[in-house]
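Read off the chains here:
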Amino acid sequence: MAGGGDDLKLLAMWASPVALRVRLALSIKGISYEYVEQDLRNKSDLLLQSNPVHKKVPVLIHGGKPICESLVIVQYIDEVLSGAGPLLPTDPYERAVARFWAAFIDDKLMKANYQASWGKTEEDKSEGMKLMSEAVETLEGALRDCCKGKSFFGGANPGYVDVVLGGILPWVRAMEALLGIKTFDPVTTPLLAAWADSFDALDTVEAAMPDVGRLVEFAMNLQSAAAAEAATAAN
Ligand SMILES: N[C@@H](CCC(=O)N[C@@H](CS)C(=O)NCC(=O)O)C(=O)O
């Protein structure tokens, strides 16, 4: 393991897909760090002081200085900390393209996945599902165009876009299990389905990933709590 150590602390929450991006980046680059689990219903002083604007995880604290926002943190890790890599391409144009797809995953896929999973009505949820399959189809095209014959968006090895998309992968698997759907379908999106399998199979990825069964249970508890809250509000 390189870098990090005592000087590097990650404030995260085990089920957070955006915190997972940072864990994946650190694991793939082989950087050691101190993991500090946060209770998001009872936020620690350290979290509130480190991210006073958003009060959210993840926060990376390097040499006492906090860095917030998962996409910013992953880029910081790649630029500043030594380790395997790089995650971002060295060519400025390719780097811009990688940032474009990372923003697309944040803007379109993450939002649609959230709407499909936690939409207020069935109609809202099915609109989320529709938006999600459109976003997945677009990403399939991006993978086809950028990386012919390669396993990852980063080429032969996982890069920035893989880490950003990989953060959502356990949630995709959990929602597939819960809803009986296939998001990265081997028939309609074969490249993404193969991407997901290749990504999951990496030892550095496996070491960082949360257990999908635990996520399913967590999602079921959240759904029951939301249903109970809605029933109370209706009475
Ligand atoms: N855009 C932020 C999103 C951060 C975020 O939404 N974190 C969630 C966990 S997944 C959080 O800390 N939520 C606590 C809250 O909303 O109070 C990033 O990419 O880091």
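Residues numbered from 1 in each chain as written. Predicted model: local features only at pLDDT ≥ 70, side-chain atom pairs only at ≥ 80, totals over all residues. Heavy atoms only, no water.

Draft legend 1. Layout of the site of the ligand. Neighbouring residues of the ligand: S16, V18, L40, K43, K56, V57, P58, E69 and S70. Within the side chain of K43, one N or O atom sits 2.4 Å away from an oxygen atom of the ligand. Residue V57 places a main-chain N or O atom 2.8 Å away from a nitrogen atom belonging to the ligand. If the ligand stood free it would expose 520 Å²; the protein chains cover 70% of that surface. Taken together, the residues that form the shell around the ligand break down as 4 nonpolar, 2 polar and 3 charged. (Near = heavy atom within 4 Å. Polar contact = N/O pair within 3.5 Å; in protein donor to acceptor, adjacent residues only side chain to side chain. Areas by Shrake-Rupley, 256 points an atom, 1.4 Å probe, with all protein chains shown as cover. Nonpolar A, V, L, I, M, F, W, Y, C, P; charged D, E, K, R; others polar.)

Draft legend 2. Expanded view of the packing of helix α1 (residues 17–29) against helix α4 (residues 92–118). α4 packs onto α1 with a crossing angle of 135° between their chain directions and a minimal axis gap of 13 Å. With respect to α4, the element α1 is oriented oblique. Crossing of α1 against α4: the hand is right-handed. Residues P17, V18 and R21 of α1 lie in contact with α4, whose contacting residues are I105, D106 and M110. Looking at the contact of α1 with α4 residue by residue, the class counts come to 4 nonpolar, no polar and 2 charged. (Axes fitted to C-alpha atoms, helices over the stretch in contact; angles between N-to-C directions. Helix = DSSP H or I, 4+ residues; strand = E, 2+ residues; numbered from the N terminus. Parallel < 35°, antiparallel > 145°, perpendicular 65-115°, else oblique. Left-handed = near helix turned anticlockwise from the far one by under 90°. Contact = heavy atoms within 4.5 Å.)

Draft legend 3. Examining the pairing of strand β2 (residues 34–37) more closely. The sheet contact formed by strand β1 (residues 8–12) and β2 spans 4 bridges and is parallel. Each bridged residue has a counterpart across the sheet, and for A12 the counterpart in β2 is E37. The β-α-β motif built from β1, the intervening α1 and the parallel element β2 has right-handed crossover chirality. (Pairing = 2+ DSSP bridges. Right-handed = clockwise from strand over helix to strand, strands pointing away.)

Draft legend 4. Geometry of the state of the cysteines. Applying the stated criterion across every chain, the model contains 1 disulfide. Residue C146 pairs covalently with C147 via a disulfide, S to S 2.0 Å. Judged by the sign of its S-S torsion, about -60°, the cystine formed by C146 and C147 is left-handed. (Disulfide = S-S within 2.5 Å.)

Draft legend 5. Inspection of the pattern of salt bridges at higher detail. A complete count under the given rule lists 8 salt bridges for this structure. With a shortest N-O distance of 2.7 Å, R21 and D106 are connected by a salt bridge. In this pair, R21 is assigned in helix α1 and D106 in helix α4, connecting sequence segments 85 residues apart. Residue R21 is classed as buried on the basis of its relative accessible area of 0%. K130 is the partner of E134 in a salt bridge, and the nearest nitrogen-oxygen pair spans 3.8 Å. One end of the pair is E134 and the other is K130, both in helix α5 (residues 122–146) and 4 residues apart, which spans about a single turn. Residues joined in a network through salt bridges with shared partners are R173, D197 and D200. (Salt bridge = Lys/Arg side-chain N within 4 Å of Asp/Glu carboxyl O. Buried < 20%, exposed > 50% of the residue type's maximum accessible area, 1.4 Å probe, protein only.)

Draft legend 6. Representation of unusual backbone geometry. Following V57, the chain continues into P58 via a peptide bond in cis, with omega recorded as 5°. Tracing the sequence through the fold places P58 in the loop between α2 (45–50) and β3 (59–62). At K55, a residue that is not glycine, the phi angle is positive and equals roughly 60°. Inspection of the secondary structure assignment puts K55 in the loop between α2 and β3. Among the residues examined, K55 registers a relative accessible area of 38% and is labelled partly exposed. Here the phi dihedral of E69 falls at roughly 80°; this positive angle occurs in a residue that is not glycine. The topology assignment puts E69 in the loop between β4 (65–68) and α3 (70–80).

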